[in-house]
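Notes for the structure review
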Amino acid sequence: MAESLIDLSRVGMTYQAVSGPVEALAGISLSVGAGEFVSLVGPSGCGKSTLLRIVAGLRPATEGTVTVEGRQVTRPIADIGMVFQAPVLLKWRTILDNILLPAELAGKEKRAYWARAQELLEMAGLHGFADKLPRELSGGMQQRASLCRALLLDPPLLLMDEPFGALDAMTRDDMALELLRIWGERDLAREQRKTVLFVTHSIGEAVFLSDRVVVMSPRPGRIAADLKIDLPRPRTVELRASEAFGQLNLEIFRTLTRRSSAGAVS
Amino acid sequence: MKIPALIRQYWPTVALFVALVVVWQLAVTTGIREYLLPAPLSVWHAMWDGEISWGQHLWATTWEIIGAFFMAAIVGVALGVAIAWSPLLANALVPFLVFVNTLPKVAIAPLFLIWMGYGIFPNMLMGALIGFFPVVINTAVGLSQVEDDMLDLGRVFNAPKWKIFAKIRIPNALPYILSALKITATAAVVGAIVGEFVASQKGLGYVIVTTQSSMNTSVAFAALVWISTVGLLLYGIVVLLAHLWAPWAEGID
C-alpha cells in the first residue's frame, strides 16, 4: 500500500458537558493510505462524525496526535473537501456560484475555477442546472452539487459525513455508484484517486464503497474492528447480491451487535 | 402574474372594500349625524379641499416617515451587526436596548419638545425610536441563524471573519431584515403622527388635532386617508424590495 495520508495515534476526545466530562473517543489509532476509500461505521453517538472533524482540524483532539500528509493537524487544514449529511448550499446562490464558494472563501480568483466548476457539473450530471437556485433541485441533485463543491479545489482528501443519509434508499444506491465513478474507480490509478474518509450508518453502503471498513464501538468510540474489503473493483450493482458481499455485511453486523463484549482494541 | 390570476386573487379584497363604503354611505344617509361620521363623499371632497394646504402637511409628514424609516433601518442594522459580531458588544448593548424598548415612546415625546423644540426632526426621531428595535433583533438573529456545517466550511478554508459576514451571514440575514422593515414602515407612521400630536405646526397629525376643536370630522377622516396612503405606499415599497432582493425567501413570513 502507498504511504499513509492520514495518521491517527491514540486519539482521544473528552468534552465538558453540564453533567461533567464526557469521553467521546478513546485510543483511536488509524492509518489511511493515499487513494484509499475508508468507511467509519458505528452506532449513533459513537463519535464518528467528531472523528471526521478532528481529522479536518475543526475540533481539537484532547489526546493523541493527528497528522495529514505528514503535517500535524492543529488548526483547520485547507486541503480537504467536506460533504455533510445536508447539502448545506447557500439558498440565494445559483448552483454554479455555490460550487465556486470554496474558491472565494479560500481567497482565490473565482474566475480561474469557472471551467473546473463547469467540468464538475458536467461530471455530476448537473449541466443545465448551473443557473438554478438550490430549491429548484431535488435532494439527490443538491447533494451532487455539494460533492462538486467539495471537489472544486481538487483536494487530495475527501471527508464525507453521512452524505447520503437524508436520501431515499433508491437515490442512495444510485449516489453510491455515482460517487465511485466520480472518485475515478474505473479510469484512475489508485495513486491518482482521492483519499476518502466516509462516515455512514449503513453497513451495506460502507461495504459497497470501501477498501476498508472501520467499525466503532459505542461511546467512548473505539475501533472495534478494521476490515479489509477485498471485493473486485469496479463495484457493480450485481455485487450486492454476491455471497462475499453478504458475508462481509454479516461480519460487520456481528461486530456491531457484539459491541458490548468487544471491549477496547488497542 | 397574469391579469385573470390577479383578478382571482384580489376580487374579494375589492368587493369587501366597495361593500364597506356602500354600507358606510347608506348608514350616513339614513341618519348618523355628519359630525359623528362624515359621508365617504364628504371625506373625498375634504381630501381635495383647497382651503387646507394638504400639500404642505403631506410633505411634512411624508418626510418625517421617510426619515424615521431610514434612521431606524440604518441604526437597527448597524446595532444588529455589532451584536452578532462581538459577544462583548452584545453583552453591553442588549440589556440597554431592551430597556429602551420597554419605555413607552409616547411618554418621551414631551421631552423631545423640550430638548429639540418644534420641527420635523424630533418627529422623525420618535418614529425611528418606535421602529428600530425589530430591525436590531431580526438582523442579529438572521446573522446567527447559519448552519454549523456552513460555518465549518468557512473554517476549513480559513476564511476571515469579515468574509463569512459578507458572503454568508449578511445575505442570510437579508430576508430577516426586510421582514423587520415591514414592521418599521408601519412604526415610522405611528411615530411621526404621535410626534405631531404632541408638538407640531404642520403635518397630517397636526391637521387631526386642529379638527378636534372645530368638530370637522370629515377633514380628520381625510387626513386619516392621506396618512394611510403614505403608510401603504411605504409598506408596498418594502414588500417589493423584499421580492426583488430576497426572492429565495418568499413565503418566510
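Residues numbered from 1 in each chain as written. Chains lettered and ligands numbered in written order. Predicted model: local features only at pLDDT ≥ 70, side-chain atom pairs only at ≥ 80, totals over all residues.

Next up on the list: the overall build of chain B. Helix and strand content of chain B: ten helices and zero strands. Ordering the α and β elements of chain B from the N terminus gives α-α-α-α-α-α-α-α-α-α. Overall, chain B is about 75 × 55 × 25 Å in size when its C-alpha atoms are taken along their principal axes. For chain B, the proportion of contacts with a sequence separation of at least 24, taken over those separated by at least 6, is 80%. (Helix = DSSP H or I, 4+ residues; strand = E, 2+ residues; numbered from the N terminus. Contact = placed C-beta atoms within 7 Å.)

Turning to the overall build of chain A, a few remarks are in order. The helix and strand tally for chain A stands at nine helices and ten strands. The globule rule puts the C-alpha radius of gyration for 266 residues at 18 Å, and the 18 Å found for chain A is close to it. Along the longest, intermediate and shortest principal axes, the C-alpha atoms of chain A span 55 × 45 × 35 Å. The proportion of buried residues among the 266 residues of chain A is 41%. For chain A, contacts bridging at least 24 residues in sequence account for 71% of all contacts bridging at least 6. (Rg over C-alpha atoms; globule rule 2.2 N^0.38 Å. Buried ≥ 20, exposed ≤ 12 C-beta atoms within 10 Å, placed from the backbone.)

This part takes up the pairing of strand E1 (residues 4-17) of chain A. All names here are of chain A. As judged from the ten bridges shared by E1 and strand E2 (residues 20-33), these two strands associate in the antiparallel manner. Its bridge partner lying in E2, Ala17 is registered against Gly20. A loop of two residues connects E1 with E2, the two strands running antiparallel in sequence. For E1 and strand E4 (residues 63-68), the ladder comprises five bridges, and the chain directions are antiparallel. If you follow Asp7 over to E4, its bridge partner there is Thr67. (Pairing = 2+ DSSP bridges.)

Residues and elements named next belong to chain B. Following both chains from N to C, one finds helix H3 (residues 54-85) and helix H4 (residues 87-102) inclined at 135°, their axes separated by 7 Å at the closest point. When the interaxial angle is binned, H3 and H4 end up oblique. Handedness of the crossing formed by H3 with H4: left-handed. Residues Leu79, Ala82, Ile83 and Trp85 of H3 form the contact with H4, whose participating residues are Leu89, Ala90, Leu93, Val94 and Leu97. (Axes fitted to C-alpha atoms, helices over the stretch in contact; angles between N-to-C directions. Parallel < 35°, antiparallel > 145°, perpendicular 65-115°, else oblique. Left-handed = near helix turned anticlockwise from the far one by under 90°.)

Residues and elements named next belong to chain A. In spatial order, the strands read E6-E7-E8-E3-E9-E10; together these six strands make up an open sheet with mixed pairing. Looking at strand neighbours, the two that pair on one side only are strand E6 (80-83) and strand E10 (223-228), the edges of this open sheet. Across the sheet, the axes of successive neighbouring strands diverge by a mean angle of 15°, strand direction being ignored. Note that E6 and strand E7 (residues 157-161) share four bridges and pair parallel. When the sheet's bridge partners are listed, Met82 is paired in E7 with Leu159. Against the sheet, helix H8 (residues 243-257) touches strand E3 (37-41), strand E9 (212-216) and E10, its axis set at about 170° to E10.

Counting all residues, the mean pLDDT for chain B is 91, and 98% of those residues have values of 70 or more. Predicted as a complex, the structure gets a pTM of 0.83 and an ipTM equal to 0.80. (pLDDT = per-residue confidence, 0-100.)

With that out of the way, let us pick up the sheet that holds strand E5 (residues 71-72) of chain A. Residue and element names in this part refer to chain A. Read across the sheet, four strands follow the order E2-E1-E4-E5 without closing on themselves; strand pairing throughout is antiparallel. This sheet does not close on itself; its edge strands, each paired only once, are E2 and E5. In this sheet, E5 lies alongside E4 in antiparallel orientation, the contact comprising two bridges. The partner of Val68 across the bridge, within E5, is Arg71.

Of all hydrophobic cores here, the largest spans 82 residues; its most connected members are Val55, Cys148, Leu159 and Leu197 of chain A. Looking at this core, the element that brings in the most residues is E2 of chain A, giving six residues. Leave out the neighbours within four places in its chain, and Cys148 of chain A touches Ile99, Leu120, Leu121, Ala124 and Leu126 of chain A. In terms of nonpolar packing, the next biggest core, distinct from the first, is built from 53 residues, Val43, Met71, Leu129 and Ala185 of chain B among them. (Core = buried A, V, L, I, M, F, W, Y, C linked by C-beta atoms within 7 Å.)

Across chain A, pLDDT averages 88, with 96% of residues at or above 70. The low-confidence segment residues 260-266 of chain A, where pLDDT is below 50, has nine contacts with residues more than four positions distant or belonging to other chains.

Residues and elements named next belong to chain A. In this model, Arg219 is joined to Pro220 through a cis peptide bond whose omega is -5°. Tracing the backbone through its elements, the reader meets Pro220 in the loop between E9 and E10. Look at the link from Arg233 to Pro234: it is a cis peptide, with omega at -5°. Residue placement: Pro234 occurs in the loop between E10 and H8. Its identity is not glycine, yet Glu69 carries a phi of approximately 50°, on the positive side.

All names here are of chain B. You can see Val28 is positioned in helix H1 (residues 3-29). Counting along the chain gives twelve residues from Val28 to Pro40, while the straight-line C-alpha distance between them is 8.8 Å. Aside from chain neighbours lying at most four places away, what touches Val28 is Leu37 and Ala39.

Bringing the packing of helix H6 (residues 120-144) of chain B against helix H8 (residues 161-198) of chain B into the picture now. Residue and element names in this part refer to chain B. Where H6 meets H8, the axes come as close as 7 Å, and the angle between the chain directions of the two elements is 160°. Comparing their axes, H8 and H6 come out roughly antiparallel. Note on packing geometry: the crossing formed by H6 with H8 is right-handed. Grouping the constituent residues of the contact of H6 with H8 by class yields 20 nonpolar, eleven polar and two charged. (Nonpolar A, V, L, I, M, F, W, Y, C, P; charged D, E, K, R; others polar.)

In this section: the environment of Pro21 of chain A. Position of Pro21 of chain A relative to the elements: it lies in strand E2. Filtering out sequence-adjacent residues up to four positions away, Pro21 of chain A remains in contact with Thr14 and Gln16 of chain A.

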